[in-house]
Amino acid sequence: MAKYEVNPAAVEYARKLIDGRQYVLDSDWGASQPDADAQNAYLANHGWDEYGAWHLGLTDGANEETKARHAFVYGDFRRVHRTGLIACVYRASEWRHKDVELAAHDLLQLLDAKAGIS
């Protein structure tokens, strides 16, 4: 099983988006998460650093500047999705990637507080 480390740049970027109220509270994450075509288009226009900022996990041992390096996407390349953060918490928890799970959980709590969800 792959191992992941938290991507600090993604955590910082997600916090910035949440603070700027750039989020979606209710969405169907299965329909909202970027598919391969959306990922390729974003990469072509923005590059690897910006692409990586949308992924809370970095795959240990994967080559830099590859999609395999980036895991746990939390938004649609425009806004944070609450359901995307929930999916990150769930998947990281399921596969015992505790640091990524906790980072996603903390971002979810921040989003909920900013949105007034109790």
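Residues numbered from 1 in each chain as written. Predicted model: local features only at pLDDT ≥ 70, side-chain atom pairs only at ≥ 80, totals over all residues. Heavy atoms only, no water.

**Considerations on unusual backbone geometry**
Negative phi characterises most residues that are not glycine, and trans characterises most peptide bonds. The phi torsion at glutamate 65 lies on the positive side, around 55 degrees, for a residue other than glycine. Turning to its location among the elements, glutamate 65 is positioned in the loop between β3 (55–59) and β4 (70–73). In this structure, arginine 96 is a non-glycine residue whose phi angle is positive, near 60 degrees. Examined against the element boundaries, arginine 96 turns out to sit in the loop between α5 (82–94) and α6 (98–115). Taking relative accessible area as the criterion, arginine 96 reaches 73% and is therefore assigned exposed. (Helix = DSSP H or I, 4+ residues; strand = E, 2+ residues; numbered from the N terminus. Buried < 20%, exposed > 50% of the residue type's maximum accessible area, 1.4 Å probe, protein only.)

**What to know about the sheet that holds β4**
Taken in spatial order, the three strands line up as β1-β3-β4 in an open sheet, and their pairing is antiparallel. Sheet topology places β1 (4–6) and β4 at the edges, where each strand pairs with a single neighbour. For this sheet, the mean inter-axis angle between neighbouring strands, taken without regard to orientation, is 35 degrees. Bridge analysis of β3 against β4 gives three bridges, and the strand direction is antiparallel. Paired with glycine 57 across the strands is alanine 71, a residue of β4. (Pairing = 2+ DSSP bridges. Axes fitted to C-alpha atoms, helices over the stretch in contact; angles between N-to-C directions.)

**Points about the packing of helix α1 (residues 8–19) against α6**
Where α1 meets α6, the closest approach of the two axes is 10 Å, and the angle between their N-to-C directions is 10 degrees. In terms of axis orientation, α1 runs roughly parallel to α6. Contact residues: α1 offers Val11, Ala14, Arg15, Ile18 and Asp19, while α6 offers Ala103, Leu107, Leu110, Leu111 and Lys114. The residue makeup of the contact of α1 with α6, split by class, is seven nonpolar, no polar and three charged. (Parallel < 35°, antiparallel > 145°, perpendicular 65-115°, else oblique. Contact = heavy atoms within 4.5 Å. Nonpolar A, V, L, I, M, F, W, Y, C, P; charged D, E, K, R; others polar.)

**Some words on the layout of surface pockets**
In this structure, the largest pocket occupies an estimated 150 Å³ of space. Residue lining of the largest pocket: Asn7, Ala9, Trp48, Asp49, Gly52, Ala53, Leu58, Glu64, Glu65 and His70, and that is the complete set. Of the residues forming the lining of the largest pocket, the biggest block, three residues, is contributed by helix α4 (residues 48–52). Split by residue class, the lining of the largest pocket holds four nonpolar, three polar and three charged. (1 Å grid on protein atoms, 1.4 Å probe; cavity = no way out; pocket = protein on both sides within 12 Å on 5 of 7 lines; lining within 4 Å. Points joined across faces, edges and corners; volume = space filled by probe spheres on them.)

**Regarding the pattern of salt bridges**
Two side chains of opposite charge can pair, provided their charged atoms sit close to one another. The final tally for this structure, using the stated rule, is four salt bridges. As a salt-bridge pair, arginine 82 and aspartate 112 come within 2.7 Å of each other at their nearest N and O atoms. Note that arginine 82 is positioned in helix α5 and aspartate 112 in helix α6, a separation of 30 residues in sequence. For arginine 82, a relative accessible area of 21% corresponds to the partly exposed category. Residue classification places aspartate 112 among the buried residues on the basis of a relative accessible area of 8%. The residue glutamate 101 makes a salt bridge to lysine 98 at a minimum N-O spacing of 3.2 Å. Placement of the pair is glutamate 101 and lysine 98 together in helix α6, with a separation of three residues, close to one helical turn. Accessibility expressed as a relative area gives 14% for glutamate 101, which makes it buried. For lysine 98, a relative accessible area of 48% puts it in the partly exposed group. (Salt bridge = Lys/Arg side-chain N within 4 Å of Asp/Glu carboxyl O.)

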